[in-house]
Amino acid sequence: MSDTPTFASAQARDAADPLRAFRARFALPPDEHGTPLTYLCGHSLGLLPLAAREVIAQELDDWAHLGVEGHEHARRPWVPYHENLTAGLATLTGARAAEVVAMNSLTVNLHLMLASFYRPRGGRTRILIEAGAFSSDRHAVASQIAWRGLEPDTTLLELAPRAGADTVPEELIEEFLEARGEEIALVLWPGVQFRTGQAFDLARITRAAHAHGCIAGFDLAHSIGNVPLALHATDADFAVWCSYKYLNGGPGAIGGCFVHQRHTDAQPRTQHSGALPGARLAGWWGHEAPTRFLMEPQFQAATGVAAWQLSNPSILAAAPLIASLAIFEEAGIGALREKSLALTGFLAQLLAPLEPRVHIITPLAPAQHGCQLSLRIAGRTARGRQLFEALAKRGMVCDWRAPDIIRVAPVPLYNRFADAWLFAQALREVLA
Ligand SMILES: Cc1ncc(COP(=O)(O)O)c(C=O)c1O
């Protein structure tokens, strides 16, 4: 215990943190006395960037003053509104501009991607996901399988960790694909697993999937804004994400989607099916902008993944993300990742003496985690929940995943080393 860092050492690290000023740019939820809570829940809902109010207010004002004219004449015209988000999303995903689009929400985008990329044929019918996948992803793939007249129970493959393990090393995925890749049409994998916090090597998974003729798609809900990504270079086929976690886009914020350029380039502009395994589902917002309002029956696809848009987007669900992406651009994902590794590493160091009562299941090698640590509480559900509630009473905002996990994520944009220290101290107290 003697080398457990002190509060003063946490404060010294905060004082030396080049990103420390960004905290003041976010609204920190207060307790009943107005003191900021120790918010460590950015893996679930990121905090409000204060500048978002102004961006939203501008849209409300333009609506008030311009009515329908706002589509063309708002200060940020609404017709091409999604384009305000493209550059920021391309940077954070490591994609080209034509490969990313802000639209819909995650599960809707996943269905659109599965419509285009999941085409069971002959003996290659299966989808591979991780056992314990996020419920919505599992519902989406199971229903896509059923929608094509196949049996989800036998067609969906769910890869579990080895006996006694919590996480899935990439070599297990490679071995599985080596054994059964010929049966698999599509691999859907998380960038960072929501329950364990494990970060995966997307390039390695993509290589293994492609080597066996499978499509590689990723759910980046817990990756975007958390870990640097390089989707174009990894050669991933598609990816989807939401924007309300590390991206701080607000509850129900507009989601996003990536399709690799080799697919969009190969897709005919005037047809819904073509080079993709399945057809691209279409709507008027995926039609090229210059001729969209001619309302002609013939579809003329927009360039790149923009062709997957269906409806005109919710401006109010997109506006906060403009403010948030500007902050990411200013801070830089490289610097944020550097601080994130230091911050999460500091928290892991503080929690280490609490083993085995509190066991970190997230792999601690830097390449294998983002901000989040997942803590297994000994004593299972009753004890874990009791502990979680006691932490909440001490002003700690984290979350509980049954049966025995507390998830906690120090986020480099608005969390301090002091927050990690306060959390560890609260945990020590409630354990005692
Ligand atoms: C990993 C993962 N996938 C899917 C979803 C579902 O997102 P949405 O409600 O935006 O479709 C979430 C939401 O938290 C998630 O964490």
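Here the structure is a predicted model, which is why all the values come from computation and not from measurement.

Draft legend 1. Local environment of the site of the ligand. As a structural note, the neighbourhood of the ligand is formed by Ser105, Leu106, Thr107, Phe134, Asp137, Asp219, Ala221, His222, Tyr244 and Lys245. At 3.4 Å, a backbone N or O of Leu106 approaches an oxygen atom of the ligand. Asp219 has a polar side-chain atom sitting 2.8 Å from a nitrogen atom of the ligand.

Draft legend 2. Representation of the packing of aromatic side chains within the structure. Counting across every chain of the model gives eleven aromatic pairs. Residues Phe7 and Trp421 carry aromatic rings whose centres are separated by 5.0 Å and whose planes lie at 55 degrees to one another, so their mutual orientation is tilted. Linking Phe7 in helix 1 (residues 7-15) with Trp421 in helix 16 (residues 417-431), this pair joins segments that are 414 residues apart in sequence. For the ring pair Phe117 and Phe238, a centre distance of 5.3 Å and an interplane angle of 25 degrees mean the geometry is stacked. In this pair, Phe117 is assigned in helix 5 (residues 106-117) and Phe238 in strand 7 (residues 238-241), connecting sequence segments 121 residues apart. Residues Phe117 and Phe238 agree in their burial class; the two are buried. We note Arg280 situated over the ring of Trp308; from NZ or CZ to the ring centre the distance is 5.4 Å. When the ring centre of Trp285 is taken as origin, the NZ or CZ atom of Arg292, which lies over that ring, is 4.1 Å away.

Draft legend 3. Geometry of the packing of helix 1 against helix 16. Here helix 1 crosses helix 16 at 155 degrees, and the two axes come no closer than 7 Å. Taken as axis vectors, helix 1 and helix 16 run roughly antiparallel relative to one another. For the pair helix 1 and helix 16, the contacting residues are Phe7, Ala10, Arg13 and Asp14 in the first and Phe417, Ala418, Trp421 and Leu422 in the second. Considered class by class, the residues forming the contact of helix 1 with helix 16 number six nonpolar, no polar and two charged.

Draft legend 4. Quick peek at unusual backbone geometry. With an omega of 0 degrees, the peptide bond between Glu355 and Pro356 qualifies as cis. With respect to the secondary-structure elements, Pro356 resides in the loop between helix 14 (333-351) and strand 9 (358-360). With an omega of 5 degrees, the peptide bond between Ala402 and Pro403 qualifies as cis. For Pro403, the position within the fold is in the loop between strand 12 (399-401) and strand 13 (405-408). Although it is not a glycine, Asn104 adopts a positive phi angle of roughly 50 degrees. With respect to the element layout, Asn104 can be found in the loop between strand 2 (100-102) and helix 5. Backbone geometry at Met295 places phi at a positive 55 degrees, although glycine is not the residue there. According to the relative accessible area criterion, Met295 is exposed, its value standing at 55%.

Rules of the game
- Position labels on residues start from 1 in each chain and follow its written sequence.
- Given that this is a predicted model, residues contribute local features only at a pLDDT of at least 70 and side-chain atom pairs are listed and counted only at 80 or more, while totals for whole chains, interfaces and linings are drawn from all residues.
- No hydrogens and no water enter the side-chain calculation; it runs on all heavy atoms of the structure.
- Proximity is defined per residue: if any heavy atom of the residue lies within 4 Å of a molecule or strand, that residue is considered near it.
- Any N or O atom pair separated by 3.5 Å or less is treated as a polar contact, with the protein-specific requirement of one donor-capable and one acceptor-capable atom, and with residues adjacent in sequence counted only for side-chain atom pairs.
- Side-chain rings of Phe, Tyr and Trp (the six-membered ring for Trp) are treated as a pair once their centres are within 6.5 Å; stacked means planes under 30 degrees apart, edge-to-face means over 60, and tilted covers the remaining angles.
- Secondary structure elements follow DSSP: runs of H or I of four or more residues count as helices, runs of E of two or more count as strands, with numbering from the N terminus.
- Note on exposure labels: buried denotes an accessible area under 20% of the residue type's maximum, exposed denotes more than 50%, and partly exposed covers the range between, all computed with a 1.4 Å probe on protein chains only.
- Placement of a positive charge over a ring is assigned whenever Lys NZ or Arg CZ falls within 6 Å of the ring centre and within 35 degrees of the normal to the ring plane.
- Axis definition: a line fitted to C-alpha atoms, limited for helices to the stretch in contact. Angles are taken between N-to-C directions and run from 0 to 180 degrees.
- Here the word oblique covers every angle except those under 35 degrees (roughly parallel), over 145 (roughly antiparallel) and from 65 to 115 (roughly perpendicular).
- Throughout, a contact is declared for two residues whenever any of their heavy atoms are within 4.5 Å.
- In the scheme used here, Gly and all other residues not listed as nonpolar or charged are polar, with Ala, Val, Leu, Ile, Met, Phe, Trp, Tyr, Cys and Pro taken as nonpolar and Asp, Glu, Lys and Arg as charged.

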